[in-house]
Amino acid sequence: MSLTDFSLDAYDYYLPPERIAQQPATPRDHARLLVVDRETARDHWFYELPQLLQPQDLLVLNDTQVIPARLMGHKVGEPGRSVEVFLLEELSDRQWLALVKPGRKLRPGAVIQLGSLQATVQAIDPATRGRVIEFDLPPGDRLWPYLDEVGDIPLPPYIQTPIQDAQQYQTVYAQRPGAVAAPTAGLHFTPDLLSKLAFCGIDHCFITLHVGIGTFRPVEVNDIRQHRLHQEWIEVSAATVAKINAAQRAGGRIIAVGTTVIRSLETAAQSGELQPFRGKSDLYIYPGYQPKIVEGFITNFHLPCSSLMMLVSAFIGRDRLLQLYDYAIAQAYRFYSFGDAMLILPTAWQSPA
């Protein structure tokens, strides 16, 4: 590890536009999988995962569900002026934190018509540059039941091709609504693949991290150590802790599916011992971090200069990660949310200097 590892520019790379996946693989588990250990990187398919892991290994999955967080409407009194509201977090029964466009026109006091709903801008949130918005709802109601009517599942801006079914941007095991972006490493699993993994002695359990702005907000400081993640809501249950402990006692390895799972488990293990956790976390993992619980992981290929690249670099090194990305680009791997994945085996990790 060197000072270069803390420079934002050191995480940049060129990705040809045609390498950005516009549609998920069909079937989901027919995405490609780059399997990485200490010395080699091998080309596989995601459906080969049962043969690539070991009996007693435990996969930890994020069961968050993406909500219809993108709402379109107009500013009351200006019907010709389109407004976009991107929900980030529920603050109370009626109040949400949201990103809005155009922000300069939506100051406190502005009223927005969003389908059948009206909302009023209450305040500007300095941490996210978003807005605190209060919805005009009947007494006792919350926004959740209205979202399917007035909202759409948000897709990242680099996905330009409309998806055929909103379920394509949900994992097959999504069950706890709250995310505004999918935990994309989990998009490759199918019920059949999970059954095959179980047949091979590879079980799974769940955590919940509601993906928010902390995951996808760009790093905007030259010294990455100065970056601060916005908090996201996490739950690591007592049942999951017990299952992880049992797997480790049996000699199994803990394989996190996605960076959200890594952050959740590492948050719950900050005392040095994995414990149940329910609350918000802003744990930021970058080179120099020493893992406490995760032993291997599955991850997609991430945007340049993103905090997700920095997290992966903490475990396999920035130089190695960029070499793997160069290889993947040359071999026509597909990148980003609907793209292919890497399996980082425990043997690939390097000890922080």
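Structure first, text after, so check above.
This report concerns the structure included in the present document. Only a predicted model underlies this, so the values are computations on that prediction, with no experimental measurement involved.

1. Side note on the overall build of the protein
A tally of regular secondary structure across the protein gives eight helices and 18 strands. Scaling as 2.2 N^0.38, a compact globule of 353 residues should have a C-alpha radius of gyration of about 20 Å, and the protein matches this with 21 Å. Overall, the C-alpha framework of the protein stretches about 65 × 40 × 40 Å when taken along its three principal axes. Out of the 353 residues belonging to the protein, those deemed buried represent 56%. Once local pairs closer than 6 in sequence are excluded, the contacts in the protein between residues at least 24 apart make up 73%.

2. Concerning helix α8 (residues 318–330)
Across its 13 residues, α8 extends 18 Å between first and last C-alpha, which sits within 8% of the 18 Å expected from 1.5 Å per residue. If you check which residues of α8 are buried, you get Arg318, Arg320, Leu321, Leu322, Leu324, Tyr325, Ala328 and Ile329. Its buried side turned inward, α8 meets β1 (32–36), β2 (41–45), β17 (296–300), α7 (307–316) and β18 (341–344). Note on α8: the residue one or two positions beyond its end, alanine 332, has a positive phi of about 65 degrees.

3. A short note on α7
Of all the ten residues making up α7, ten are buried; the element is thus mostly covered by neighbouring parts of the structure. Along α7, the residues classified as buried are Ser307, Leu308, Met309, Met310, Leu311, Val312, Ser313, Ala314, Phe315 and Ile316. Where α7 ends, the next residue or the one after it, glycine 317, has phi of about 90 degrees, a positive value.

4. Focus on the side chain of aspartate 5
Examined against the element boundaries, aspartate 5 turns out to sit in the segment before β1. Judged by relative accessible area, aspartate 5 falls into the buried class, the value being 9%. For aspartate 5, the side chain forms a polar contact with the side chain of arginine 318, separated by 2.8 Å.

5. Structural notes on the side chain of threonine 267
When you line up the elements, threonine 267 lands in helix α6 (residues 259–268). Those residues in contact with threonine 267 that sit more than four places away from it in its chain are Ile234, Phe277, Ser281 and Leu283.

6. A few points about the sheet that holds β2
Taken in spatial order, the nine strands line up as β2-β1-β18-β17-β15-β3-β13-β14-β16 in an open sheet, and their pairing is mixed. Edge positions in the sheet fall to β2 and β16 (277–281), since each of these pairs with one other strand and no more. Each strand axis lies, on average, 25 degrees off the axis of its neighbour in the sheet, ignoring direction. The sheet contact formed by strand β13 (residues 203–209) and strand β14 (residues 232–236) spans two bridges and is antiparallel.

7. Re the pairing of strand β9 (residues 117–125)
The pairing of strand β8 (residues 111–114) with β9 spans four bridges and is antiparallel. Bridge pairing in β9 places valine 111 opposite threonine 120. Sheet topology note: the β9/strand β10 (residues 130–135) ladder contains six bridges and is antiparallel. Following the sheet pairing, alanine 123 is matched in β10 by valine 132. The turn linking β9 back onto β10 is made up of four residues, and arginine 129 within it adopts a positive phi angle of 65 degrees.

8. What about the pattern of salt bridges?
In this structure the tally under the stated criterion is 16 salt bridges. Its salt-bridge partner being lysine 75, residue glutamate 78 comes within 3.6 Å of it at the nearest N-O pair. Within this structure, Asp5, Arg318 and Asp319 form a network of salt bridges that share partners.

9. Points about unusual backbone geometry
Cis rather than trans, the peptide bond between threonine 26 and proline 27 has omega equal to -10 degrees. Relative to the helices and strands, proline 27 resides in the segment before β1. Of note, the amide linkage connecting lysine 101 to proline 102 takes the cis form, showing an omega dihedral of -5 degrees. Mapped onto the elements of the fold, proline 102 is located in the loop between β7 (95–101) and β8. Of note in the backbone geometry, glutamine 56 takes a positive phi value of approximately 85 degrees without being a glycine. Here glutamine 56 is to be found in the loop between α1 (49–52) and β3 (58–62). For glutamine 56, a relative accessible area of 43% translates into the label partly exposed. Non-glycine residue alanine 332 carries a positive phi angle of around 65 degrees.

10. Side note on the packing of α7 against α8
Two elements in contact, α7 and α8, have axes separated by 7 Å at closest approach and are oriented at 115 degrees. As the angle between them shows, α7 and α8 are arranged roughly perpendicular. Classified by chirality, the crossing of α8 by α7 is right-handed. Facing α7, whose interface residues are Met309, Val312, Ser313 and Ile316, α8 presents Arg318, Arg320, Leu321, Leu322, Leu324 and Tyr325. Across the contact of α7 with α8, the residue classes break down as seven nonpolar, one polar and two charged.

So, how was this worked out
- Residues numbered from 1 in each chain as written.
- Predicted model: local features only at pLDDT ≥ 70, side-chain atom pairs only at ≥ 80, totals over all residues.
- Heavy atoms only, no water.
- Helix = DSSP H or I, 4+ residues; strand = E, 2+ residues; numbered from the N terminus.
- Rg over C-alpha atoms; globule rule 2.2 N^0.38 Å.
- Buried < 20%, exposed > 50% of the residue type's maximum accessible area, 1.4 Å probe, protein only.
- Contact = heavy atoms within 4.5 Å.
- Expected span 1.5 Å × (residues − 1).
- Polar contact = N/O pair within 3.5 Å; in protein donor to acceptor, adjacent residues only side chain to side chain.
- Pairing = 2+ DSSP bridges.
- Axes fitted to C-alpha atoms, helices over the stretch in contact; angles between N-to-C directions.
- Salt bridge = Lys/Arg side-chain N within 4 Å of Asp/Glu carboxyl O.
- Parallel < 35°, antiparallel > 145°, perpendicular 65-115°, else oblique.
- Left-handed = near helix turned anticlockwise from the far one by under 90°.
- Nonpolar A, V, L, I, M, F, W, Y, C, P; charged D, E, K, R; others polar.

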